[in-house]
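Structure at a glance
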Amino acid sequence: MFITFEGLDGSGKTTQVHLLAARLEAEGAEIVITREPGGTPLGEEIRDLVLHGGDMAPWAEAALYAASRAQHVEELIRPALARGATVLCDRYVDSSVAYQGIARGLGLERVLELNLAAVGGLMPDRTILIDIESGRAVARMSEDRDRIEREDDGFHGRAADGYRQLAARFPERYVTVDGTVAPELIAEEIYGAIRRNP
Ligand code: TYD
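Notes on the structure follow. Keep in mind the model is a prediction, meaning the values are calculated, not measured. (Residues numbered from 1 in each chain as written. Predicted model: local features only at pLDDT ≥ 70, side-chain atom pairs only at ≥ 80, totals over all residues. Heavy atoms only, no water.)

**Overview of the site of the ligand**
Taken together, 16 residues lie around the ligand, and Asp-9, Arg-47, Arg-91, Ser-96 and Gln-100 are the ones closest in. In this structure, Ser-96 approaches the ligand through a side-chain N or O atom, which is 2.6 Å from an oxygen atom. If the ligand stood free it would expose 560 Å²; the protein chains cover 87% of that surface. Taken together, the elements giving at least two residues each to the shell around the ligand come down to helix H2 (41-52), helix H3 (58-82) and helix H4 (93-103). Looking at which element gives the most residues to the shell around the ligand, the answer is H4, with 4 residues. (Near = heavy atom within 4 Å. Polar contact = N/O pair within 3.5 Å; in protein donor to acceptor, adjacent residues only side chain to side chain. Areas by Shrake-Rupley, 256 points an atom, 1.4 Å probe, with all protein chains shown as cover. Helix = DSSP H or I, 4+ residues; strand = E, 2+ residues; numbered from the N terminus.)

Written out as structure tokens, the structure is:
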């Protein structure tokens, strides 16, 4: 099973990836936790470039995220799924659609198309969206911000709207949870949703 986690920086996604992994591991499943951009040696190099490098053209940015993802799918995600592991991935295609497609304005369809080509059509079985209002997410970001986190509040607001559009478009795989309640309650809701509808 392939489960992705999406949401703004500061939504608490990473905490939830680990909480779900612990519960599923306790049931005896093989769990692979990974993240984007990154997840492979090439992906980590791209991560450094895209988050800590200098200015770049919007399509260069979109192509770098897609390149990291293509490597990630080939080297790590497909082999893990093929041996029956459950893969929990912190961000995936929908991050590019929300951030590059909608917040940057490159277009939902074009960015989705680029990414579907990069991943050979591999999409998650479930996508957990941790929904949080952008003002609140920005307030939770650390002082030491990466290139994307340094964007203005309008950018983060458009990314949040982008995620809501994606959840409406792909209701069969989306599970949207309220990111403002206690982490343990969010974890319970996510686990319940996965168990009800694996
Ligand atoms: P993330 O690893 O979640 O940040 P952190 O390490 O601070 O938790 O993501 C890094 C940033 O990259 C985040 O601001 C969102 C952005 N991003 C995109 O714009 N497009 C993408 O396709 C991905 C995967 C991330």
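Anyway, onward from the coordinates.
**Side note on the pattern of salt bridges**
Under the criterion given, the structure shown has 14 salt bridges. A salt bridge links Arg-195 to Glu-27; the nearest nitrogen and oxygen atoms lie 2.5 Å apart. Taken together, the positions of Arg-195 in helix H8 (residues 183-196) and Glu-27 in the loop between helix H1 (13-26) and strand E2 (31-35) put the pair 168 residues apart, joining distant regions of the chain. Residue classification places Glu-27 among the partly exposed positions, given a relative accessible area of 43%. Between Arg-169 and Glu-109 there is a salt bridge whose closest N-O contact spans 2.6 Å. (Salt bridge = Lys/Arg side-chain N within 4 Å of Asp/Glu carboxyl O. Buried < 20%, exposed > 50% of the residue type's maximum accessible area, 1.4 Å probe, protein only.)

**Observations regarding the packing of aromatic side chains**
Applying the stated criterion across every chain yields a total of 3 aromatic pairs. Considering the side-chain rings of Tyr-99 and Phe-155, the 6.1 Å spacing of their centres and the 45° angle between planes classify their relative orientation as tilted. In this pair, Tyr-99 sits in helix H4 while Phe-155 sits in helix H7 (residues 153-169), placing the two residues 56 residues apart along the sequence. For Tyr-99, a relative accessible area of 4% gives the class buried. Judged by centre distance (6.2 Å) and plane angle (80°), the ring pair of Tyr-99 and Tyr-163 falls under edge-to-face. Of this pair, Tyr-99 sits in helix H4 while Tyr-163 is found in helix H7, placing the two residues 64 residues apart along the sequence. Note on Tyr-163: relative accessible area 2%, which makes it buried. Feature note: the residues Tyr-99, Phe-155 and Tyr-163 constitute an aromatic cluster, connected by ring pairs. The ring of Phe-170 has Arg-173 sitting right over it, with the charged end atom 4.6 Å from the ring centre. (Phe/Tyr/Trp six-rings, centres within 6.5 Å; stacked < 30°, edge-to-face > 60°. Lys NZ or Arg CZ within 6 Å of the ring centre and 35° of its normal.)

**Quick notes on the side chain of His-156**
With respect to the secondary-structure elements, His-156 resides in helix H7. Those residues in contact with His-156 that sit more than four places away from it in its chain are Leu-8, Ser-134, Val-138, Met-141, Ile-148, Glu-149 and Glu-151. (Contact = heavy atoms within 4.5 Å.)

**Remarks on the nonpolar core**
Membership of the largest hydrophobic core comes to 38 residues, with the highest contact counts inside it found for Tyr-92, Val-97 and Tyr-99. Of all the secondary-structure elements, those providing two or more residues to this core are H2, H3, strand E3 (86-90), H4, helix H5 (108-118) and H7. For Tyr-92, the contacting residues outside a window of four places in its chain are Phe-2, Thr-4, Glu-6, Glu-36, Arg-69, Val-73, Ile-77, Val-119, Leu-122, Met-123 and Pro-124. (Core = buried A, V, L, I, M, F, W, Y, C linked by side-chain atoms within 4.5 Å.)

**As for the environment of Val-138**
When you line up the elements, Val-138 lands in helix H6 (residues 134-140). Its relative accessible area of 11% is what places Val-138 among the buried residues. The spatial distance from the C-alpha of Val-138 to the C-alpha of Gly-192 is 29 Å, given a sequence separation of 54 residues. Residue contacts for Val-138: discarding those within four places in its chain leaves Arg-145, Asp-153 and His-156.

All we've got here are geometric facts, nothing functional implied.
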